[in-house]
Structure formats: structure tokens, C-alpha cells
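The primary structure of each chain is shown beneath.
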Protein chains: 2
Amino acid sequence: MILTGLMQNKPLLISGLLRHAATYHPDVEIVSCLHGGEMRRSNWATVARRAGRVAARLGELGLAPGDRVATLAWNTDRHLELYYAVAGTGAVLHTVNPRLFPEQIAYIINHAADGIVFFDLDFAELVVRLAPQLTTVHRFVALCRPDQLPALDLPGLVSYETLVDEGRDDYDWPEFDENAASSMCYTSGTTGNPKGVLYSHRSTLLHSFAACAADGLALTARDCVLLAVPMFHVNAWGVPYAAAMCGARLVLPGSGLGGDRLFAHLRDEGCTLSLGVPTVWLGLFQYLEQAGASVDASALRLQRVVIGGSAAPRAIIEKFERLLGVFVIQAWGMTETSPLATIANLLPKHDGAPLEARFAVQSRQGRAIFGVEVGVFDADGRRLPHDGKSVGEIRVRGPWVLSGYYGNPPDSALDDDGWFSTGDVAFIDADGYVQITDRSKDVIKSGGEWISSIDLENAAMGHPQVREAAVIGVPHSRWQERPLLIVVPKPDAVIDRAGLLDFLAARVARWWLPDDVVFVDDLPHTATGKLLKTRLRDDFRGYRLPTDTD
Amino acid sequence: MILTGLMQNKPLLISGLLRHAATYHPDVEIVSCLHGGEMRRSNWATVARRAGRVAARLGELGLAPGDRVATLAWNTDRHLELYYAVAGTGAVLHTVNPRLFPEQIAYIINHAADGIVFFDLDFAELVVRLAPQLTTVHRFVALCRPDQLPALDLPGLVSYETLVDEGRDDYDWPEFDENAASSMCYTSGTTGNPKGVLYSHRSTLLHSFAACAADGLALTARDCVLLAVPMFHVNAWGVPYAAAMCGARLVLPGSGLGGDRLFAHLRDEGCTLSLGVPTVWLGLFQYLEQAGASVDASALRLQRVVIGGSAAPRAIIEKFERLLGVFVIQAWGMTETSPLATIANLLPKHDGAPLEARFAVQSRQGRAIFGVEVGVFDADGRRLPHDGKSVGEIRVRGPWVLSGYYGNPPDSALDDDGWFSTGDVAFIDADGYVQITDRSKDVIKSGGEWISSIDLENAAMGHPQVREAAVIGVPHSRWQERPLLIVVPKPDAVIDRAGLLDFLAARVARWWLPDDVVFVDDLPHTATGKLLKTRLRDDFRGYRLPTDTD
């Protein structure tokens, strides 16, 4: 019979993070960028005090444990306060992506049955338009001062600062089961309705430990973090929580993620670490190129940049290193994994490696962090070796991986062995680094072999005249499927099919070469900026490849 | 009503650490120093395979979940394997300090009701002597090969390598409640019988996360760790677990903690991090001084040294920095806290601080790491402010702090608010750094004020002619208690009472000056090397201070 240990039975709660930050890092600044570029300066003690007041007031207004609360909000200290205020009471913070299509937003707010919606004034018009469709919302809170509150026809409309003012200062964060839900986020899949992932206090705390690990994101009290990941994206990659755990300084850029704004924040606030998707960094480098000698990049204290959301193009990794002396840490995960699952840190064997070799390692998506088991499996469910060539679907397992989507029973998203199938296709090399090669539904199945659409896209995007590229599989009478390359050229580009295929021939296996190339003005994207390949496949349904001679 | 999150219900188990290390860091070496200095080279894959075999074989021999298993062993790969093999099955590893007095060892093995004792051959004689008193032990395992097994009259005697050979390779680590006990360690208090602390899988895993945190010990896959803390001391400060979590290389020095051996390991194995009590490092510097130019300290790759167990004298912190360019991280904790509770990392405000100012910060015991709440409380149980001067007893709270001693009910060691009183007296400064000033039973209560015996001892030990110093309170008719300084001079020292008091007068408050000085040849210590002040107080019972004129 198991003997139970005699250690303290303290639940892992999000309120504990805030208490720690307020006690040990009270004066550490939380800087938010307002409209117009003005910076609001708060700190962990103030965030904690205000979050407590909001929690107290929400309780008086009837918010109960388990209730869902939506936000449509940018990255600001107020949004950060809501991360703690709502979850701390035992209710659930549902961060809604305002870039989703309005009908998707209405769907997920109704599906989550959110009772309150907090929104930034930028979204006032959107909220007014949506309100009649929101069947469960009984109160709207505008993230502003009372004097900024617009006259909108919304139930229970009040300003956020009114809630803060009306709240008590002596709110006591309740203690409850660490498996209680704390936040939720819907995946904006490319097909079907969005699905909700319901995080718990436990999963959030364990994920924070992983983010603070020296072999994780290595977040410390010495960091000043520019959070260029929207706070409506998968818990902003866990940083709002991990920063409290270690007492990091936070710079929250509001809605402004343009290269000029990011550069200004990095320089003016002395940021040491930043996180964001590749697109954001393309914008930064575009700005630096345009600004030329008028900005002094040597003034940056930036040391590390974490890139996730989609694969970091090697060109970005190189630019950060060569132009700014910044080390890029690539990370992989998804809404269903909280999100951190793999992180591309270096091993002792890479000490003193030439830059080129190091870039190759940094271009992979990284190694499984402790807490998440990561395996690749073939179509028959057999686990594949870590040999750098066996390609299969990634499955993951661990305490911050979902077990079922919201509304479904626990474990309903898992196979019999408890694995969650991610839909990402990859191989794992002998050192454990994962290399994503495709999405399982985007991979091109040619004569029994798999061709990675992503590899082909990346190769095509390496052409100096290509702005964006997509590759989809098109039915082929002999090979089942063959790749079709769809290209958006840069403005004024001089580029043709033959030249592009020659370029690719030097970079990919002969049998991977696309069977045709189509030039277009634009590619369709999801609300979160991902290529919308379902649309492309629709658009090119019935397309006949020149090589298909049957 | 609380809504339960929909994240995977995976328990935090010690076997998960080993599986992770074996999967992602299989070739990372575990190096053990054998008798005679020969090095045995294993790795995480081998440790995992052998631990599985031992676990399988122990099960066949009747070991059941919840059973206790004792070790009397040095730091080697075999001891590391037992950390995982025993706990991984659901049984409890009881690491016994072989330096305790034999009657204490018998007491704690009987109190824990250990069924099996694993022992290094160094302790064969001790074990044979103890065996008749060990009422619950039915099997002894010698940590050696079959051909090394001595003919001893011990029940069920077998060699460790026989167990490994007889074990199956397909052992499946069981899954069970993470609150199950995993290991235990007895505190060797200075009074009364030793008391057992029973760690759980959960507490151990959470503690490992804290050790791997960048603001914890910052352990990573790039580290090679010389573990100069005995593995029978409080989970070896958690390193055997944390190293698996991040895939660090381990150097286990066996029984040899002399300066010469430590230096050889640091140099030959390229260690980047080491951990040990102050005494061990005194030995290292003694060796370096004696060896002089014959050793090349610049060949070391050592970057960080973690010092705990007792306060790190500032002289050691300075020597590490100035002679070896090594950063000392002071940590504080105790058997009851797993042990990590506070760690003295630097804050951004210390960037570019002069060395002297930095040493002052490093000389404190550090800031509470997330997971452990640390407060100082006055005699009436009121929490004191972090003001750098309010001195009180430290209380701690958190998921890797004990709730009750073994054999007692849960929470029986806690007050009504769930705090555990550590018996250490300290203040906390405005930045959250804890400064231990004394043990609550050693503090000298003079006229309603507290005088720190430790501060006085440290000041006295700063005198170049003093080898060791102790201060105890002696009853005084006017002041209740006054300090008595007891000094062991260095060999051939020329030193007297007046000179020593003059020396102290420049370093401590006037009213702290000891009322008398006694010179002795030796001071009494506990089995773990701590000053045995209960003995000193007995020895000086009835001592009359010259200032006590009543």
C-alpha cells in the first residue's frame, strides 16, 4: 500500500504567483503602451492591489467560481490584472482573439457561455455589433476610465476603473483545488467550429515552472520582457504568469506591434528578452532597413528572442544574430499544449560550433521540455525512432496538455495511451530536436512518399523575388498527389516559372520539385495570419497539372 | 461551483524524471569516483536501465509500495540508481547519514522500520555491529560486485550487481498518486531523538523545477555538476532529481571530499557547477594554497558554486570570485524544506555594482524562491516587515515543506495558518534577502534585546589567529544572559583575551561584546559537523562571568 508523504498540501494556484510577485518584486515595473504612444507605468504591487479590487468587486456583482469571463483586449496592465483577478477568484478568463471573424467571436463567446465581456475601446464598435447575438453575456466592461466611457447600448456597461475604484482592498484570494479551470482559449482551426481548451491552475503553474527553467525560456528577475505575443494567444505563451513567478519586468505594447514601435520599446525600456511570431520580427527588420543609419541598433540590450506560432525562417535567426547579436530561441507548441512543448536551446556539443552549424540547430523547433513527452508516430500508431529521418505525426502527453475540448468529457481528445495527436508532422533527430515538416493535412502524398509543403514553401521564399509562397497537393493520376507552387511575387519582381524551378532544383530533392507554378496577387490567411490552405485547395479544385497526361 | 480544467491528469512522478533523462540525454555521463581514484563512467540511459532492473528484482524479492529501504552509502552511480529504483516502485528511499552515532543510526532505521539496507563496503563493519539491533531489516545488500562480497553474518546478504543481473529489462514504472512518499531523511537535531521527514513524488518534482529555474540553481543540460553534497544529506539538495530533469552531467565523488580530490574532479571533468557545505570549500582552498604553483587553477571551467548547510563565510565567497572567477550562490533551507527555500541570486539593481557591494548581497542567504513563502515573525506570532532590521523567527510554507514528522499526523508540525517554524532567526531586507542571524535556541537574550551568537562567531573567526569560535549565552544576574566567547586558536597562535576583544570591538556593537573569552583545544560537533552548543552549554553550566558582580 502506498504511503502518503508528509509534505504540505498546498495547491498550485495562480493567486500564489501574484502574491509572490507583490511580496518579492513590488517595485518591478509593468509598462503599458497606450494609444498615442504614451507609456503607463505600474508595478507588481499595484497590479496585485488592483487585481484584488477587481476580484472583490466582481464577486459583489455576482461572479461565481467556474463562471467564464471574456476579454477582447490588447496587451496592457489592465489585461494582466484580469489574468489574475478572474482566475484568482476561481472563475475562468476566456481570452478572445479580436481578429477572428465576428461570427466566430459570437460563436465562441456563446459556446463558452461567458457572462461578462471586458473590451478595449478599439473594439467598441465590434462589441456593439456582436452584442445582440451574445446570449449569455449580461455585463460589458470597457477597459478605460469613467470619463472615457462611450455611450453605448450595452447591458450593464461600466468602465474598468470604476470596478477598480469600487473594489475593496482587503480581498483574500480563496484557496481551492488546483485542478480548477483558470483560463480558456479557442483554437482557430482552418476547418469546423473553433474548439475550447480549458487550462487549470495546476497546468498553468507547472507551465510557468517550465518557462522559468534555465533550459526553458530562462526567465529571471533580471529580465525585462517585451511581450509582443498578443495576450489573446494561448496565455501569451505563459509569460504573464512566468513573469510573476520570477519577478521579471514586463513591457506590454498595447495594440502596436509595428517594427517602429517594437524597436522604440526595446531601446527605451532596455528589454533583454522578447517573444513573438515570425511576422512581427519581419516587421522589425523591415523597419530597421528602412530607417537605416537614423536608428542606433547598438543601443539595444536585447539578448534573446523567442519565436513561435509558426516556424522561424532561418533568415530571421541569422539576422538577429548578425545584426543585433541576439540569440533566437525557437519554441513549438499549440493552444492545446499551454503552449510550450519543445524549446531549441543548445547542448554542450554545440559549444564553439561555427555559426552556420548553430543556425541549423536553432532552425529546428527544439527539444521536449521536461513535463511534455513528445513522440512521432507512423500511420499505424507505432512510435518512430529519434533518427533524424523517420517522419510521422507528433503526439504529446503531459500535465499541461489538454485532455478534452471544452464541452467534451475528460480524455476524449486522447488515444488509449493518453497521447494527444497534434496534427503536426515531424521527425526527431538523435539529439531529440524536433523538426516540423508539415501539418498532417497539408503534407503531399506522392507515390507512397511524403513531400513537405512547408519545406517547399520555405525554399521558394528563399528566392529574393518571392514575397510569399504556398504549396498544396493536387490530385495526380499516376502519383496520387503532386505539389503545386502558388507564389506572390514581390512588387516589380522579374521572375518566371523556369527560373523559380531552377532555383528550387538546387535546394530540394528532384522528386519534390513542384509540377507547376502559379503566380497570384495574394494568398488567403486565417484570422491569426496562417495560410488558409483549405481555401487554396478549394480555389484550385479541379486544377490539372501539366505533368498529369492521363 | 468550481469548474474543473480539461488538462491531462498526469501525476508528477520521480520515474518520469528518469524516463526523460534516458530519452533525451541518454549519453550524458554519470561519473563516479571509486576507491583508489578510478572513475566509473555510466550515463543516464544506463542508470535508467539498471534502476529498472533493480526495481524489478526488488519487487520479486517482496518489496511493496510504501516499504522503506535504507542506504548507508557515498555518492556513486549505484546510489543514484537507488534514488530512482526504490522511489520509482512506490517504495521509500531512506538515506541514512553514516556519520551519525551508531545508536542514532539504529534508532532511525528501527523508527523508519526499514526492511532492506543497502551499504557501501566502507560501512560493512558498522553494519555488522548494528545488525543485531535492527529489528525490521530482513535483507542487506552490499554495493559491490559478487566477487567483492565479503563473508558477513547478515540476513539475506547479496551484492548489488547480483540484483542488477537478476533484474528484468522490461520493468514498467507504475503510475500512482503523486502524493505518495518517495524518500525520507532524518534531522540530526542537537536535542532529542532524530525526526523523520517524508518527501513525496510531488514535492520532489516541484522542488526540481525550482532547482532548474534560471533564478534557482539554473541547472541546465550544459552543466557538469560536481555533487560534493553527500547523497545522505536532504536529497543531496535535490540535484540527483534536478539533473535528470534537465539532463545535466553528474560527477559523483564517492567518499572523497578532500580538497585534492575535488580539485582533480573539477579540472579533469570540466565541471561548471558544484555544491557543498562551507567546510568542503575550506578544504579546497587549503589544498590550493598548499599546492601553490604546482596546480593550474586557470584550467577550471567552474562557473558557479552553491553553498548551503550553514552560512557561507564571506571569505569563501571572495576567494571563489577573486582566485577562481567563480560566482558563489548561497542557498538556505533545511531537511524540512527539501531543502531549497531561499537562494541568493542577484537583481538588476546589482548590475555593475562594485565587488564589495556584490559580496555583501552574496553573503545573505537569499530570497524566497517561488513555491516557498518565507516570513519572519516576532515572539507573539506577528509577521515582521522586510526592513532589514526586524529580527524574528523564520516560518515557511509551501508544497515542498513538511507538514508533520514521520509517525505524526499531517499538519502536526504547523501552526494554525499552516506555517512551519524553522527555529532559525533572521531579518529580511527590503529586497527580500534573508539574513540568518542565529538559531532561536542559540540567540543570546540580553536585557530584552537579542544578540546573534553566529554574528559574534563570524566576527571572531575573521581574526587571523582563530581557527574556530563559538558563542553561547551564560546567565547573568543583571542582563539575564550575556555572551561567552569560546575560541580554538590556530596552531602556534599568539593571541589573548584583550587583543581578541579589541578586534571584535571594531566589528560589532559595543553591547554585543562578549563578557569573557575562553581558549580551548577543540569544540564539540554534531555528526554532521555543526557546533554542538547543547554540549557547550552543559560544559559551561555554572560558569560565572567576570562582569556578573552580584
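Please read all numbers here as calculations on a predicted model, not as lab measurements.

Thresholds applied
Residues numbered from 1 in each chain as written. Chains lettered and ligands numbered in written order. Predicted model: local features only at pLDDT ≥ 70, side-chain atom pairs only at ≥ 80, totals over all residues. Heavy atoms only, no water. Least-squares fit on C-alpha atoms with pLDDT ≥ 70 in both. Pairing = 2+ DSSP bridges. Helix = DSSP H or I, 4+ residues; strand = E, 2+ residues; numbered from the N terminus. Salt bridge = Lys/Arg side-chain N within 4 Å of Asp/Glu carboxyl O. Buried < 20%, exposed > 50% of the residue type's maximum accessible area, 1.4 Å probe, protein only. Contact = heavy atoms within 4.5 Å. Core = buried A, V, L, I, M, F, W, Y, C linked by side-chain atoms within 4.5 Å. Buried area = accessible area lost by both parts, 1.4 Å probe. Polar contact = N/O pair within 3.5 Å; in protein donor to acceptor, adjacent residues only side chain to side chain. Nonpolar A, V, L, I, M, F, W, Y, C, P; charged D, E, K, R; others polar. Right-handed = clockwise from strand over helix to strand, strands pointing away. Domains from an automatic or database assignment.

What follows deals with the relation of the copies chain B and chain A. Note on the identical chains: chain B maps onto chain A by a rotation of 180 degrees and an axial translation of 0.0 Å, with an RMSD of 0.1 Å. Interpreted geometrically, this transformation is the action of a two-fold axis.

Let us look at the sheet that holds strand E8 (residues 181–187) of chain B. All names here are of chain B. Pairing within the open sheet is mixed, and its seven strands lie in the order E7-E6-E5-E3-E4-E8-E9. Each having just a single partner strand, strand E7 (158–159) and strand E9 (195–200) make up the two edges of the open sheet. Here two bridges tie strand E6 (residues 139–142) to E7, and the two strands are oriented parallel to one another. Residue Ala142 lies in a different strand from E7, and its bridge partner there is Ser159.

Another point: the pattern of salt bridges. Residues and elements named next belong to chain B. Tallying each qualifying case throughout the model produces 80 salt bridges over all chains. The salt bridge involving Asp431 is made with Lys349; its shortest N-O contact spans 2.8 Å. Taken as a pair, Asp431 in the loop between strand E19 (420–428) and strand E20 (434–439) and Lys349 in the loop between strand E15 (340–343) and helix H12 (355–362) lie far apart in primary sequence, 82 residues in all. Accessibility expressed as a relative area gives 22% for Asp431, which makes it partly exposed. Judged by its relative accessible area of 55%, Lys349 is exposed. Close ionic contact of Asp522 with Arg467 constitutes a salt bridge, the shortest N to O distance being 3.9 Å.

Residues and elements named next belong to chain A. Here Val141 shows up in strand E6 (residues 139–142). Here the alpha-carbon distance between Val141 and Val158, two residues 17 residues apart in the chain, equals 5.0 Å. When sequence neighbours within four positions are dropped, the list of residues in contact with Val141 reads Ile116, Val117, Phe118, Phe119, Val158, Ser159, Tyr160 and Leu163.

Moving on: the sheet that holds strand E14 (residues 327–333) of chain A. Residue and element names in this part refer to chain A. Taken together, the nine strands give an open sheet; going across it, the order is E2-E1-E11-E10-E12-E13-E14-E15-E16, and neighbouring strands pair in mixed fashion. Edge positions in the sheet fall to strand E2 (39–43) and strand E16 (367–368), since each of these pairs with one other strand and no more. As paired elements, strand E13 (residues 304–307) and E14 share four bridges and run parallel to each other. Along E14, the bridge assignment pairs Arg304 with Phe327.

Turning to the side chain of Ser15(B), a few remarks are in order. Residues and elements named next belong to chain B. For Ser15, the position within the fold is in helix H1 (residues 14–24). On the basis of relative accessible area, Ser15 is assigned to the buried category, the value being 4%. Excluding anything up to four places from it in sequence, Ser15 contacts Trp173 and Pro174.

If you look at the biggest cluster of nonpolar residues, it comprises 202 residues, and the most contacted ones within it are Trp44(A), Tyr84(A), Trp44(B) and Tyr84(B). Counting residues in hydrophobic clusters, the runner-up holds 34 residues, among them Val96(A), Val117(A), Ala124(A) and Ala181(A).

Take unusual backbone geometry next. All names here are of chain A. Between Ser338 and the following residue, Pro339, the backbone shows a cis peptide bond with an omega angle of 10 degrees. With respect to the helices and strands, Pro339 occurs in the loop between E14 and strand E15 (340–343). Positioned with a positive phi, Ala218 is a non-glycine residue whose angle comes to about 55 degrees. Position of Ala218 among the secondary structure elements: in the loop between helix H7 (201–212) and strand E10 (224–227). Positive phi values are uncommon outside glycine, yet Asp492 reaches one of about 65 degrees. Positionally, Asp492 belongs in the loop between strand E24 (480–489) and helix H14 (497–505).

Attention shifts here to the interface of chain B and chain A. Facing the 84 residues of chain B at the interface are 84 residues of chain A. Interface area for chain B against chain A, summed over the two sides, is near 6,000 Å², with a carbon-plus-sulfur share of 62%. Our count for the contact surface shared by chain B and chain A stands at six salt bridges. The interface formed by chain B and chain A includes 35 residue pairs in polar contact (both at pLDDT 80 or more). Listing elements by their share of the side of chain B that touches chain A, those giving two or more residues are H1, E9, helix H7 (201–212), helix H8 (239–246), strand E16 (367–368), strand E17 (373–377) and strand E18 (392–397) of chain B. A class-by-class count of the residues in the side of chain B that touches chain A yields 47 nonpolar, 23 polar and 14 charged.

Turning our attention to the pairing of strand E12 (residues 273–276) of chain A. A two-sided burial pattern is seen for E12(A), the buried positions comprising Leu273(A) and Leu275(A) on one face and Ser274(A) and Gly276(A) on the other. In this fold, E12(A) hands off to helix H10 (residues 278–291) of chain A, which returns the chain to E13(A); that crossover is right-handed.

Here we take up the environment of Gly216(A). All names here are of chain A. With respect to the secondary-structure elements, Gly216 resides in the loop between H7 and E10. On a C-alpha basis, the gap between Gly216 and Leu282 in space is 24 Å, while along the polypeptide they are 66 residues apart. In contact with Gly216, other than residues within four places in its own chain, are Ala210, Ala211, Ile343 and Asn345.

This next bit is on the pairing of E9(B). Residues and elements named next belong to chain B. Taken across its six residues, E9 has five buried, putting it largely inside the fold. Bridge count for E8 against E9 is six bridges, and the pairing is antiparallel. Looking at E9, one finds that Cys185 is bridged to Val197.

Residues and elements named next belong to chain A. Considered domain by domain, chain A is made up of domain 1 (47–169 + 178–246), domain 2 (371–439) and domain 3 (443–539). Taken over C-alpha atoms, the centre of domain 2 sits 26 Å from the centre of domain 3. On the side of domain 3, seven residues touch domain 2, which itself brings six residues to the contact. Carbon and sulfur atoms supply 55% of the area buried between domain 2 and domain 3, which totals about 480 Å² over both sides. In this assembly, domain 2 and domain 3 are joined by zero salt bridges. The tally of links between domain 2 and domain 3 comes to four residue pairs in polar contact (both at pLDDT 80 or more). In terms of residue count, the dominant contributor to the side of domain 2 that touches domain 3 is strand E20 (residues 434–439) (three residues).

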